[in-house]
Amino acid sequence: MEALEGSLRNIIEQETLKWIFVGGKGGVGKTTTSSSLAVQLAATRQSVLIISTDPAHNLSDAFGQKFESTPTLVKGFDNLYAMEIDPTVETENHAAMFSGDEGLQSMFTDMASSLPGIDEAMSFGELMKQVQTMQFSTIVFDTAPTGHTLRLLNFPTILEKGLGKLLSLKNRFSGLFSQLGSMFGGGESTEEAMLSKLEATKAVIEQVNQQFQDPEKTTFVCVCIPEFLSLYETERLVQELSKFGIDVHNVVVNQVVLPDSGSTCRMCLARHRMQKKYLDQIEDLYEDFHVVKVPLMEGEVQGVESIKRFSRNLIVPATSSMACSTDNNGSNAQ
């Protein structure tokens, strides 16, 4: 079987893609990779949004610009936007919307706890509704470490089931729905308005769920480094994504040491030998994937110009490392 090109050019050229998730184990360079991919996409798409869903937001640090929970234009671009959000909201925060009525607060808390994950999923649902109305060509998600990411990707299914259960209870608890109206926009508090908003939210989530499982609309880019724990986590992630029905056919391997021929750097040669074992395993495991090997950098990848330079490694395969001297201590892990 002929090896696929070791670049993310296939993603850039697939113009039907709407959602691109970038994830992997903590500390392997997810933010650097997602930011670089977004920069490359901005060169070919009308508008691109990159969203950080990692509570330890690094987008602001990577671009050297403060981002918040609304899309902000990245300096130096006219079509690349960034935002940092926390997709999790505690049940108590939702229940606080019924301040002054302890009975309703208690009832909502009990109801939410009976539907595990519904509170976080509702927050994710609101994010998806917001993003859907923004009409960006492509949306890149800089995700949290693997466990949080898998839960995030399961939110549409959780919310779809949860809203279905809530709607099935409308005849038994019709009075409760009228009280819950303020959660979905405020102002109207009739049962009909509440139910129509629930139905509208459910419709959006169903659409998102369908798009997430459509390889023409959604793909996932796994990021790792050539070490045992990272490789183990990547394989776990690939298997779970397969269960969710989410397309994944690209793996970015960061921090690869590629000594120049004739190099006498003992540290580089030793790291190269150690990494080769895991690189060979990656090639065997993902022979039908695009495996992108990104060299170890001399220093941190920070700032727009630095990200632009780094991003070229995702398109054009590198032949040598940028860091092959014993006095170097830089990396590309953000």
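Here, the structure is the one placed above.
Everything numeric here is computed off the predicted structure, so don't read it as measured data. (Residues numbered from 1 in each chain as written. Predicted model: local features only at pLDDT ≥ 70, side-chain atom pairs only at ≥ 80, totals over all residues. Heavy atoms only, no water.)

**Student:** Would you explain the packing of aromatic side chains in this entry?
**Tutor:** Think of a pair of aromatic rings as described by two things: how far the centres are apart, and how the planes are tilted against each other in angle. Scanning the model with the defined rule gives nine aromatic pairs in all. Ring centres 5.6 Å apart and planes at 80 degrees place the aromatic pair Trp19 and Phe212 in the edge-to-face group. Within this pair, whereas Trp19 is found in strand S1 (residues 19–24), its partner Phe212 is found in helix H9 (residues 191–212), the two being separated by 193 residues in sequence. Looking at Phe212, the relative accessible area reads 2%, which means it is buried. Considering the side-chain rings of Phe21 and Phe212, the 5.2 Å spacing of their centres and the 90 degrees angle between planes classify their relative orientation as edge-to-face. Highlighted residues: Phe21 in strand S1 and Phe212 in helix H9, separated in sequence by 191 residues. An identical accessibility class is assigned to Phe21 and Phe212; each is buried. A connected cluster of aromatic rings, assembled from ring pairs, spans Trp19, Phe21, Phe141, Phe212 and Phe220. Between the NZ or CZ atom of Lys308 and the centre of the ring of Phe77, over which it lies, the distance is 5.0 Å. (Phe/Tyr/Trp six-rings, centres within 6.5 Å; stacked < 30°, edge-to-face > 60°. Helix = DSSP H or I, 4+ residues; strand = E, 2+ residues; numbered from the N terminus. Buried < 20%, exposed > 50% of the residue type's maximum accessible area, 1.4 Å probe, protein only. Lys NZ or Arg CZ within 6 Å of the ring centre and 35° of its normal.)

**Student:** Just checking my understanding: could you explain the pattern of salt bridges for this structure?
**Tutor:** Side-chain pairing between opposite charges can occur once the charged atoms of the two side chains come close. For the structure shown, the criterion picks out seven salt bridges. In this structure, the salt-bridge partner of Glu240 is Lys243, at a minimum N-O distance of 3.4 Å. On the criterion of helical spacing, the pair formed by Glu240 and Lys243 is a turn pair, its members being three residues apart in helix H10 (residues 228–244). On the accessibility criterion, Glu240 (23% relative accessible area) is partly exposed. Taking the relative accessible area as the measure of exposure, Lys243 reaches 65% and is therefore exposed. The closest approach of N and O atoms between Glu305 and Lys308, which form a salt bridge, is 3.8 Å. Of the two residues, Glu305 and Lys308 are both situated in helix H12 (residues 304–311); the distance of three residues between them amounts to about one turn of the helix. (Salt bridge = Lys/Arg side-chain N within 4 Å of Asp/Glu carboxyl O.)

**Student:** Help me out: how do you make sense of the layout of surface pockets in this one?
**Tutor:** A probe as big as a water molecule, rolled over the atoms, marks out the empty space that is left. Of the volumes computed, that of the second largest pocket is approximately 190 Å³. For the second largest pocket, the full set of lining residues is Gly6, Val256, Leu258, His272, Lys276, Leu279, Asp280, Glu283, Val291, Lys293, Pro317 and Ala318. Where the lining of the second largest pocket is concerned, the elements lending two or more residues are helix H11 (266–285) and strand S8 (290–295). Among the elements that take part in the lining of the second largest pocket, H11 stands out by supplying five residues, more than any other. Of the residues that constitute the lining of the second largest pocket, the class distribution is six nonpolar, two polar and four charged. (1 Å grid on protein atoms, 1.4 Å probe; cavity = no way out; pocket = protein on both sides within 12 Å on 5 of 7 lines; lining within 4 Å. Points joined across faces, edges and corners; volume = space filled by probe spheres on them. Nonpolar A, V, L, I, M, F, W, Y, C, P; charged D, E, K, R; others polar.)

**Student:** Got a minute to help me understand the sheet that holds strand S7 (residues 248–256) in this structure?
**Tutor:** The pairing of strands in a sheet happens through backbone hydrogen bonds and is either parallel or antiparallel. One open sheet holds the eight strands; their spatial order is S3-S4-S2-S5-S1-S6-S7-S8, and the pairing between them is mixed. For this open sheet the edge positions go to strand S3 (72–73) and S8, each flanked by a neighbour on one side alone. With two bridges connecting them, S3 and strand S4 (residues 80–84) associate as antiparallel partners. Each residue of the ladder has a partner; that of Leu73, found in S4, is Tyr81. Sheet contacts for H10: S1, strand S6 (218–224) and S7; angle to S6, the most-contacted strand, approximately 165 degrees. (Pairing = 2+ DSSP bridges. Contact = heavy atoms within 4.5 Å. Axes fitted to C-alpha atoms, helices over the stretch in contact; angles between N-to-C directions.)

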